[in-house]
Amino acid sequence: MQNEIHQRDLIVGLQKGLALIQLFSKANPRLTVPQAAKMSGLTQSAARRFFLTLVHDGYLDTDGRYYWLTAKNLRLGQAYVDSAQFPRMVRPIVEYVASRAEEHASVGVIDDNELVYIARSKHTPFNSTSVRLGERVPIHCTAGGRLWLASLPGAECEAVLQRVTREQRTPYTVTDIATLMERIAQVRRQGYATIEQEFEIGMLVVAVPLADREGLYWGALSLTSHQSRTSLEAMCRDHLDLLYSAQAMLVA
């Protein structure tokens, strides 16, 4: 749909302002004007004006040198969660799956080569900060990410893996591309994905893909547990049928 929009209809200033907001991250929670200009390709004068506009509108705060995001930015993400069709559609099913399995359930979608959680269950029988609404997580060591990679042609999948940062999150995280391609091929064959301690120590995940009526991948439904509660084999044995039943209800 984006390709059908003519260049003359785009508001470049809005694009640049949104791009500047996205420069802030865990690695860069505060930025100076020169830093933002270098990262964005803008002149320092333009970056300063954008920053001051965002301060005026309440999306940034500043001490005169550094700039940082304010809580007002949460309204943007919450507006999506509240208004978009997918989150509204999946919430009841996510809660149903979680209550039946007595484990944590979530749905993630792919955005810019990352997995983003758009729905999660209130039922959380273990402590983890990793499955948070709106959390962006890497694709190479998450079940939903590997399901998406498995939906791509082999050459495209490998190109994505070459491009993304493959962080070693735990001692068990697979970062080698050849090994990842083998794991993804297995996901492609079996139709579901599992992750054992690759994203977080002790965390076990099993997930199934969610597709539209044309069979195109749009997300993943995951169950997450902890080694202290169960094993990966038991999760697959006990809950895969439940996940597949929910999958059938979530055809977009």
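So, a few notes on the structure that sits alongside this text. What you are looking at is a predicted structure, and each value in this text was computed from that prediction instead of being measured.

A few points about the overall build of the protein
Of the regular secondary structure elements, the protein holds nine helices and nine strands. Computed over the C-alpha atoms, the radius of gyration of the protein is 20 Å, within 12% of the 18 Å expected from 2.2 N^0.38 for a compact globule of 252 residues. By principal-axis analysis of the C-alpha atoms, the protein measures approximately 60 × 40 × 35 Å. For the protein, contacts bridging at least 24 residues in sequence account for 55% of all contacts bridging at least 6. Of the charged side chains in the protein, 27 are positive and 26 negative; the average position of the first set lies 7 Å away from that of the second.

Examining the sheet that holds strand 3 (residues 67-69)
Backbone-to-backbone hydrogen bonds pair the strands of a sheet. The strands run either parallel or antiparallel. The three strands are arranged 1-3-2 in an open sheet whose pairing can be described as antiparallel. Each of the sheet's edge strands pairs with one partner strand only, and the pair in question is strand 1 (30-31) and strand 2 (60-62). Direction of pairing for strand 2 relative to strand 3: antiparallel, over a ladder of three bridges. When the sheet's bridge partners are listed, Asp61 is paired in strand 3 with Trp68.

Looking at a nonpolar patch on the surface
The grouping of Ile11, Leu14 and Leu18 at the surface amounts to a nonpolar patch, some 300 Å² of accessible area in total. Note that Leu18 resides in helix 1 (residues 12-21). Overall, the relative accessible area of 40% leaves Leu18 in the partly exposed class.

Some remarks on the side chain of Ser225
Topologically, Ser225 is positioned in strand 9 (residues 217-226). Using a relative accessible area of 0% as the deciding quantity, one classes Ser225 as buried.

Some points on the environment of Pro34
Relative to the assigned elements, Pro34 resides in helix 2 (residues 33-40). Taking relative accessible area as the criterion, Pro34 reaches 42% and is therefore assigned partly exposed. With 13 residues separating them in the primary sequence, Pro34 and Ala47 have C-alpha atoms 8.0 Å apart.

Let's talk about the packing of helix 1 against helix 3 (residues 44-56)
Contact geometry for helix 1 and helix 3: axes closest at 10 Å, N-to-C directions at 80°. The orientation of helix 1 with respect to helix 3, classified from their angle, is roughly perpendicular. Contact residues: Gly13, Lys16, Gly17, Leu20 and Ile21 in helix 1; Ala47, Phe50, Phe51 and Leu54 in helix 3. For the contact of helix 1 with helix 3, the residue count by class is six nonpolar, two polar and one charged.

Section: the environment of Val33
For Val33, the location among the structural elements is in helix 2. Taking relative accessible area as the criterion, Val33 reaches 11% and is therefore assigned buried. Sequence-wise, Val33 and Arg65 are 32 residues apart; in three dimensions their C-alpha atoms are separated by 7.7 Å.

Topic: the environment of Ser40
Within the secondary structure layout, Ser40 lies in helix 2. Look at Ser40 and you get partly exposed, because its relative accessible area is 32%. Spatially, the C-alpha atom of Ser40 lies 7.6 Å from that of Ala19, the residues being 21 residues apart in sequence. Once residues within four sequence positions are removed from consideration, Ser40 is found in contact with Leu20 and Leu23.

Cut-off values and rules
- Starting from 1, residues in each chain are numbered consecutively following that chain's sequence as written.
- In view of the model being predicted, local features appear only for residues whose pLDDT reaches at least 70, and side-chain atom pairs are presented and counted only at 80 or more, with totals across whole chains, interfaces and linings using the full set of residues.
- Hydrogens and water molecules were not included; the side-chain quantities draw on all heavy atoms of the structure.
- Each helix is a run of H or I in the DSSP string that is no shorter than four residues. Each strand is a run of E no shorter than two, and both are numbered from the N terminus.
- Here the globule rule reads 2.2 Å times residues to the power 0.38, and the radius of gyration is calculated from C-alpha atoms.
- In this analysis, two residues are considered to be in contact whenever any of their non-hydrogen atoms come within 4.5 Å of each other.
- Note that His is not counted, nor are the chain ends; the positive residues are Lys and Arg, and the negative ones are Asp and Glu.
- Think of each charge as sitting on NZ of Lys, CZ of Arg, CG of Asp or CD of Glu.
- Two strands qualify as a pair provided DSSP detects at least 2 bridges between them.
- Patch definition: residues above 30% relative accessible area lacking any salt bridge, with like charges linked at up to 9 Å and the nonpolar side chains Val, Leu, Ile, Met, Phe, Trp and Tyr linked at up to 5 Å.
- Computed with a 1.4 Å probe, the accessible areas rest on the Shrake-Rupley method; for each residue, only the protein chains presented here act as cover.
- We define a salt bridge as a side-chain nitrogen of Lys or Arg found within 4 Å of a carboxyl oxygen belonging to Asp or Glu.
- Exposure is judged per residue with a 1.4 Å probe applied to protein chains only, and the accessible area is read against the type maximum: over 50% gives exposed, under 20% gives buried, and values in between give partly exposed.
- Note on geometry: axes are C-alpha line fits, over the in-contact stretch for helices, and angles between N-to-C directions span 0 to 180 degrees.
- Any angle that falls under 35 degrees is termed roughly parallel, while one over 145 is termed roughly antiparallel, one within 65 to 115 roughly perpendicular, and all others oblique.
- Each residue gets one label: Ala, Val, Leu, Ile, Met, Phe, Trp, Tyr, Cys and Pro are nonpolar, Asp, Glu, Lys and Arg are charged, and the others, such as Gly, are polar.

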